[in-house]
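Each chain is listed here by its residues.
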Amino acid sequence: MAAFFEFLGANPFILLFLTVGLAVWLGRVTVGGYGLGMVAAAIVVGCGLAVWGSAYGVKLELNNFTKSMFYYLFMYGVGLRVGPSFVNSLGGDGLKFSLLAIVSCVIGLALVVLGVRFLELPPGTAGGILAGSQTMSAAIGSAEEAVNAGVVTLPDGTTKEQVSSMIALSYGITYIWGTVGIILITKYLPKWWGLDAAKAAKEYETEYGVTSGDVPTLSGWTAAALRAYRLENSEWVGKPVSDLLRSHPEYKVVNVVRNGERLEAKPDLRLALDDIIALGGRREKMTEKMGLIGPEVSDRLALDVPLDTAEILVVNKDMLKLSQAELRALPGADQVQVTRLERGGVPVPIGTNTKLQRMDILTVVGLKDAVNGIGNMFGRVVRPSAATDLLTLSMGMILGFLIGAIQFPAFGASVGLGNAGGLLVSGVIVSSLVSRLRFFGNTPNAARNILEDLGLVVFVAIVGINSGNALLTQLTGALAVKIFVIGFIACSIPPFIVWMLGLYVFKMNPAVLMGGVAGARSHSGPCREAAVEIKSNVPWIGFPVAYAVSGVLLTVFGYFAMVLGQ
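Residues numbered from 1 in each chain as written. Predicted model: local features only at pLDDT ≥ 70, side-chain atom pairs only at ≥ 80, totals over all residues. Heavy atoms only, no water.

Let's shift gears to the overall build of the protein. Tallying secondary structure elements over the protein gives 22 helices and 14 strands in all. By residue count, 51% of the 566 residues in the protein fall in the buried class. In the protein, once contacts between residues fewer than 6 apart in sequence are set aside, the share between residues at least 24 apart is 80%. Put simply, the protein shows about 25100 Å² of open surface, and 62% of that area lies on carbon and sulfur atoms. (Helix = DSSP H or I, 4+ residues; strand = E, 2+ residues; numbered from the N terminus. Buried < 20%, exposed > 50% of the residue type's maximum accessible area, 1.4 Å probe, protein only. Contact = heavy atoms within 4.5 Å. Areas by Shrake-Rupley, 256 points an atom, 1.4 Å probe, with all protein chains shown as cover.)

On to helix α20 (residues 510–520). Note: α-helices contain 3.6 residues per turn, so residues at a spacing of three or four share the same orientation. Most of α20 is tucked away: 11 of the 11 residues are buried. Of all the residues in α20, the buried ones are P510, A511, V512, L513, M514, G515, G516, V517, A518, G519 and A520. At the N-terminal boundary of α20, the capping side chain belongs to N509, with an oxygen 2.8 Å from the backbone nitrogen of A511. Among the residues trailing α20, S522 stands out with phi positive, at a value near 55°. (Polar contact = N/O pair within 3.5 Å; in protein donor to acceptor, adjacent residues only side chain to side chain.)

With respect to burial, strand β11 (residues 361–366) is a largely interior element, five of its six residues being buried. As defined by bridge partners, strand β8 (residues 308–314) adjoins β11 across six bridges and the pair is classed as antiparallel. Across the sheet, the residue bridging to L313 is I361, located in β11. (Pairing = 2+ DSSP bridges.)

The first and last C-alpha atoms of helix α19 (residues 477–505) sit 42 Å apart over 29 residues, in line with the 42 Å expected at 1.5 Å per residue. At the C-terminal side of α19, K507 shows a positive phi close to 55°. (Expected span 1.5 Å × (residues − 1).)

Pairs of aromatic rings are described using the distance from one ring centre to the other and the angle between the two planes. Overall, the coordinates contain 17 aromatic pairs when judged by the stated rule. Judged by centre distance (6.4 Å) and plane angle (35°), the ring pair of Y188 and W192 falls under tilted. Of this pair, Y188 and W192 both sit in helix α8 (residues 160–192), separated by four residues, roughly a single helical turn. Classification of Y188 by relative accessible area gives partly exposed; the value is 28%. For the ring pair F484 and F488, a centre distance of 6.2 Å and an interplane angle of 40° mean the geometry is tilted. On the criterion of helical spacing, the pair formed by F484 and F488 is a turn pair, its members being four residues apart in helix α19. According to the relative accessible area criterion, F484 is partly exposed, its value standing at 37%. Given the relative accessible area of 36%, F488 is considered partly exposed. (Phe/Tyr/Trp six-rings, centres within 6.5 Å; stacked < 30°, edge-to-face > 60°.)

Turning our attention to the packing of α19 against α20. As a packed pair, α19 and α20 sit with axes 10 Å apart at the nearest point and diverge in direction by 140°. Of the possible angle classes, the one that applies to α19 and α20 is oblique. The way α19 lies across α20 gives a crossing that is right-handed. Facing P495, V498, W499, G502 and L503 of α19, the residues of α20 in contact are P510, L513, M514, V517 and A520. The residue inventory of the contact of α19 with α20, partitioned by class, reads nine nonpolar, one polar and no charged. (Axes fitted to C-alpha atoms, helices over the stretch in contact; angles between N-to-C directions. Parallel < 35°, antiparallel > 145°, perpendicular 65-115°, else oblique. Left-handed = near helix turned anticlockwise from the far one by under 90°. Nonpolar A, V, L, I, M, F, W, Y, C, P; charged D, E, K, R; others polar.)

Turning our attention to the pattern of salt bridges. Applying the stated criterion to the full structure yields eight salt bridges. One salt bridge connects K191 with E533, and the closest N-O pair in it is separated by 3.1 Å. Placement of K191 in helix α8 and of E533 in helix α21 (residues 524–534) is noted, with a sequence separation of 342 residues between them. For K191, a relative accessible area of 52% translates into the label exposed. Look at E533 and you get partly exposed, because its relative accessible area is 26%. Its salt-bridge partner being R258, residue D275 comes within 2.8 Å of it at the nearest N-O pair. Of this pair, D275 sits in the loop between β5 (261–263) and β6 (276–282) while R258 sits in strand β4 (residues 252–258), and the two are 17 residues apart along the sequence. Overlapping salt bridges, with partners in common, bring together K187, K191, E529 and E533 in one network. (Salt bridge = Lys/Arg side-chain N within 4 Å of Asp/Glu carboxyl O.)

A few words on the environment of G94. Positionally, G94 belongs in helix α5 (residues 94–119). The buried category is assigned to G94, whose relative accessible area is 3%. In this structure, the C-alpha to C-alpha distance between G94 and Q357, residues 263 residues apart in sequence, is 8.9 Å.

The next thing to look at is the confidence of the model for the protein. Averaged over every residue, the pLDDT of the protein is 80; the share at 70 or more is 86%. The model gives residues 213–218 a pLDDT under 50, and that stretch makes four contacts with residues more than four places away or in other chains. (pLDDT = per-residue confidence, 0-100.)

Residues other than glycine seldom take positive phi values, yet E120 does so here, at roughly 50°. Relative to the elements of secondary structure, E120 occurs in the loop between α5 and α6 (125–133). Positive phi is not limited to glycine here, since N259 has a value of about 55°. Among the structural elements, N259 can be located in the loop between β4 and β5.

The next point concerns the nonpolar core. Among the nonpolar cores identified, the biggest contains 77 residues, and L60, Y71, M75, Y171 and M562 are the most heavily contacted of them. Excluding anything up to four places from it in sequence, Y71 contacts A138, G141, S142, A420, G455, F459 and T555. Core analysis: the next-biggest nonpolar cluster, separate from the first, contains 54 residues, I182, V364, L367 and V538 among them. (Core = buried A, V, L, I, M, F, W, Y, C linked by side-chain atoms within 4.5 Å.)

It is at 8 Å that the axes of α5 and α20 come closest, and there the two elements cross at 45°. Here α20 runs oblique to α5, going by the angle between their axes. Between α5 and α20 lies a crossing whose hand is right-handed. When α5 is examined against α20, the residues F97, L100, A101, S104 and C105 are found in contact with a partner set consisting of V512, L513, G516 and A520.

This brings us to the side chain of T135. Take T135: it is sitting in the loop between α6 and α7 (138–148). Polar contacts involving the side chain of T135 include one to the side chain of R521, which spans 3.4 Å. If sequence neighbours within four positions are ignored, T135 has contacts with L130, Y175, G178, T179, R521 and H523.

Written out as C-alpha cells, the structure reads:
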C-alpha cells in the first residue's frame, strides 16, 4: 500500500479525482433511505485517504489555489441560482418566508457561537459546527476565508492547517444529525402539534387547485386541443376565415388544407367545400359545437403543426393583478400549455389558482405566435440555449473579486466580504440583471449545476485531504462529544421557533409551513420527505423563497461564526 500512496502523492490530479469519484459513489449509498451525499462523503473520503497515507509516512496534500478556484466558481454559481428569487423575496408574500429564513439562520449562528465560547472549543469549530448542523457545506469555505483574511486570531502554536482540520472535523461530526435531524423534525412537527397536515394540504389543494402528490407527473390530458374537420357546412363555404373566428372567438384556425396542399390560414382566406380545417381551442370548447364545420377527420397534413417551447420570465406587475378568469381570457391563452413553474431555481406545483410572482419562470408549449404573444404580455420570452456567455461569466467573476476587496473596520480589524462573499453578491447582481434584460449572460442550468456541484465537491475533497494530516493529533473523545452536543442543539432548536412563528404569527397553512421550515434550513430533503409523508406537493409551495434567502445567509455566516466564536 505504501507504493500506492506514494503514487497518489506524486500524481495530485489522480488523487483529486479519485477522491471525487469515491465521494460520489459513497454519497449514493443509503441506509434506511438516508445517505451522506457526495459533499459530506468528500470530507470522509479525503480525510480517510490522508490519514491512511500518513500511516505509511506519505503526506497527501493538494494545491490551495485549486481549492480556492473551485470554491469561487461554486460561490458564483450559487449567486446565479438564487439571484432573482433573493431580490424578489424582499417584498410581497415572499417577505414572510424570508423572515422565517432569517430567524432560523440567526438563531442557528447564535447557538453555535454561544456554545463554542461557553465550552471554550478550539479555533475552527464554530465554522465547522455551523456548516454541519445547518447542512450548509458552503459555509466551510467562508469559514476558511475568515482564517485566510487574518480576522481570526490564532493562539500561539496553532497553524492555519490545524484550524482548517478542525473546521473539517467539526463539520463531519455534526453533519449526520444536521441532515437526519431536520428531516425528522420537519416531518413530524404537525403531529407533535396535534395538527393534520394531510388534511390541511387537501384544503389548500382544493382552494388553489394544486395537484396532490399521488397524481402522475405525466398525463394524457391537456387543456388545449387541436382537431381537423372537413368543411361540409355550407354556411361557411365562400366565407373568409375571419368570419368564422368573429362568430366563434373561442377557436383558432391553425391550418387549412385544400386538394392536398397546405394553405396559409390568413384572415381573408375564403373557405371552400371539402377544405380540411385544423381548429384549435380549449378541450371543453371543442366538444360544445359538434358539426360546426363538418365531420372530424384524421389528416396529418392539417394537424402537423410545429409547436414552440420557451421560458417566460414574469416581470409585468399588471399581469399579477388579473384573476384566473381574466388570465384564461387573454388572447392566445387557449393555445399554450404551462408545463413547469420555477421560482428561485426550484420547481413549484402548478394549480388552477396558483399565484404568480415577479421573476417566476414559466415553461410553456404551444403555437409559436401564441407563445410569443403570451410571453410579451407577461414579460420576456427566452428560448432554451446550450451556449454559455463566458464573457459575462468572466466579467461577473472580476466584479466579485473587486467587491470582495472592499473592507471596513469591525471587530477590531478590517473586515470585508472576501472573495467568496464578493462572488456570491456578484452572482446575485448578474443573474438579477440577466433575468430582466435577457440579451446577455446566458448560463444554462446544466452549466450552472457544473459550477455548483463540481466546484463544491472538489473544494470539500481538497479540504478533507489537506486536513487529514493533522486530524489524529487534534481529535479526542471529549472534544467530539462537545462538538456533537452543540451541533445537535443548533440543528434542533431553530425549526421549532420557525414553526411557531409561521403558525401563530403568520397564520400559515401547516402543509405550506413544512416547506417553509425546510427552506429556512436551505435543505430540500426535509421538504421532499414532508411531501411524501402527507402525500401532497403543497410543502413545495413554501420552500423556494426561504431556500434562496437561507442559502445566502448561511454561506456568509460561516465567516461570522469564525469571527464571533473566538
